[in-house]
Amino acid sequence: MTDWKMLAGTATRQLRRNGFIGGALALFLIAIAPPTAGAYGFTGPLAWWLLLSFCLLPLALSVHLLFDAALFRLAASHDEENAGLAAIDDVLARMGLGSREREPASLAERLAGCRRLVWKQRIALVAGAALYAVLLLDAADGACRC
């Protein structure tokens, strides 16, 4: 197995892992918020909309990461790096998500873009968890009921 194939395979596994774990954490936040709100009575609808947005953003990024993982798996199925990256560009062009006219990005540039997506997902998850904690403490009148 060539070096770029191992790199693409590793990226596929990591992107899939980050996509599933990030999505599961966002769904967990969405799932625990309503029962907790019923128990302690969260304040105002604005807080709910903010919490929902900070949970839906990581879900959307999880879908994007899983799509990228599938694209890197497609690239790893080719024998040469250029052929694999051209296959990714072809799929994106057919779906209307990219143009064939631009110069194809290298594997390192594509992986850097995926790393940025993972960090955006993590930041959104931390912001959602922090917002949930603040709302929970506010509902409990500042007292920790642990």
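Relevant structure appears above.
Residues numbered from 1 in each chain as written. Predicted model: local features only at pLDDT ≥ 70, side-chain atom pairs only at ≥ 80, totals over all residues. Heavy atoms only, no water.

1. Focus on the environment of D89
- Relative to the helices and strands, D89 is located in helix 3 (residues 81-94).
- Given a relative accessible area of 15%, D89 falls into the buried group.
- Separated by 15 residues in sequence, D89 and P104 have C-alpha atoms that sit 7.3 Å apart.
- Each residue touching D89, except ones within four places of it in the same chain, is listed here: R102, P104 and R110.
- Among the polar contacts listed, one links the side chain of D89 to the side chain of R110, at a separation of 2.9 Å. (Helix = DSSP H or I, 4+ residues; strand = E, 2+ residues; numbered from the N terminus. Buried < 20%, exposed > 50% of the residue type's maximum accessible area, 1.4 Å probe, protein only. Contact = heavy atoms within 4.5 Å. Polar contact = N/O pair within 3.5 Å; in protein donor to acceptor, adjacent residues only side chain to side chain.)

2. Considering the layout of surface pockets
- Counted as a void, the largest pocket has a volume near 320 Å³.
- Along the walls of the largest pocket sit 17 residues, with H64, D68, L71, L92 and R110 positioned nearest its centre.
- Residue assignment for the lining of the largest pocket shows that the elements contributing at least two residues are helix 2 (45-76), helix 3 and helix 4 (107-139).
- Among the elements that take part in the lining of the largest pocket, helix 4 stands out by supplying 6 residues, more than any other.
- Residue classes in the lining of the largest pocket are distributed as 9 nonpolar, 3 polar and 5 charged.
- Taken together, L7, T10, A11, Q14, L15, N18, L111, C114, R115, V118, W119 and R122 make up the lining of the second largest pocket.
- Those elements that place two or more of their residues in the lining of the second largest pocket are helix 1 (3-40) and helix 4.
- Looking at side-chain class alone, the lining of the second largest pocket contains 7 nonpolar, 3 polar and 2 charged residues. (1 Å grid on protein atoms, 1.4 Å probe; cavity = no way out; pocket = protein on both sides within 12 Å on 5 of 7 lines; lining within 4 Å. Points joined across faces, edges and corners; volume = space filled by probe spheres on them. Nonpolar A, V, L, I, M, F, W, Y, C, P; charged D, E, K, R; others polar.)

3. Regarding helix 3
- The end-to-end C-alpha separation of helix 3 is 20 Å, in line with the 20 Å expected for 14 residues at 1.5 Å each.
- Listed in full, the buried residues belonging to helix 3 are G84, L85, A87, I88, D89, L92 and A93.
- After helix 3 finishes, the residue G96 shows a positive phi value of roughly 80 degrees. (Expected span 1.5 Å × (residues − 1).)

4. Some thoughts on the pattern of salt bridges
- The final tally for this structure, using the stated rule, is 3 salt bridges.
- Salt-bridge contacts for R110 lead to D89; the nearest nitrogen and oxygen are separated by 2.9 Å. One end of the pair, R110, is in helix 4; the other, D89, is in helix 3, and 21 residues separate them in sequence.
- Salt-bridge contacts for D90 lead to R94; the nearest nitrogen and oxygen are separated by 2.8 Å. Of this pair, D90 and R94 both sit in helix 3, separated by 4 residues, roughly a single helical turn.
- The exposed category is assigned to R94, whose relative accessible area is 65%. (Salt bridge = Lys/Arg side-chain N within 4 Å of Asp/Glu carboxyl O.)

What is shown is where atoms sit, not what they do.
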